[in-house]
Amino acid sequence: LKPYEEKDISELNESDENVAVVGTVVSRDENGFVVDDGEKSLQVMMENNIENNSYVRVYGKVVSSEDNLILYGEAVQDISKIDKLLYRKVKKMIHG
């Protein structure tokens with residue numbers, strides 16, 4: 001099994017498998033939800049009970065649909081209680 005690689009939404013492409021994205025849930029519907037990382041948003045297709053405005057890490061596979069990328073979610077982790085500023089600083093230090 002290939003490990004999940006955390007990426008910004010703007011870095012995703014249709015060949016990405018086993019990726020994780022982090023952001024805020026900005027809307028929900030019966031098919032999933034939209035997550036926004038502060039620069040770009042992404043439709044996530046999966047059953048869930050995540051609330052709007054939750055800060056989440058979503059694991060899944062990217063697919064292309066009508067000139068848009070969609071993440072087929074496999075798991076979602078609510079990380080709303082972490083220090084978002086510190087998280088972004090550490091991520092930037094590790095990933096550049």
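Residues numbered from 1 in each chain as written. Predicted model: local features only at pLDDT ≥ 70, side-chain atom pairs only at ≥ 80, totals over all residues. Heavy atoms only, no water.

Visitor: Please set out the overall build of the protein chain residue by residue, giving values where relevant.
Guide: Secondary structure summary: the protein chain contains 1 helix and 6 strands in total. What you see in the protein chain, going N to C, is helices and strands ordered as β-β-β-β-β-β-α. Taken against the 2.2 N^0.38 rule, which gives 12 Å for 96 residues, the C-alpha radius of gyration of the protein chain at 13 Å falls within 12% of a compact globule. The principal-axis extents of the C-alpha atoms in the protein chain amount to approximately 35 × 30 × 25 Å. Per-residue burial over the protein chain gives 35% buried out of 96 residues. The contacts of the protein chain with a sequence gap of at least 6 include a subset with a gap of at least 24, amounting to 50%. (Helix = DSSP H or I, 4+ residues; strand = E, 2+ residues; numbered from the N terminus. Rg over C-alpha atoms; globule rule 2.2 N^0.38 Å. Buried < 20%, exposed > 50% of the residue type's maximum accessible area, 1.4 Å probe, protein only. Contact = heavy atoms within 4.5 Å.)

Visitor: Give a detailed account of the nonpolar core, specifying residues and quantitative values.
Guide: The biggest cluster of nonpolar side chains holds 15 residues, and the ones touching the most others in it are Val21, Phe33, Val35, Val58 and Leu71. Looking at this core, the elements with two or more residues in it are β2 (19-29), β3 (32-36), β4 (41-45) and β5 (55-65). In contact with Val35, other than residues within four places in its own chain, are Ile9, Val21, Gly23, Thr24, Val25, Lys40, Ser41, Leu42, Val44 and Val56. (Core = buried A, V, L, I, M, F, W, Y, C linked by side-chain atoms within 4.5 Å.)

Remember, this is a structural readout, not a statement about activity or role.
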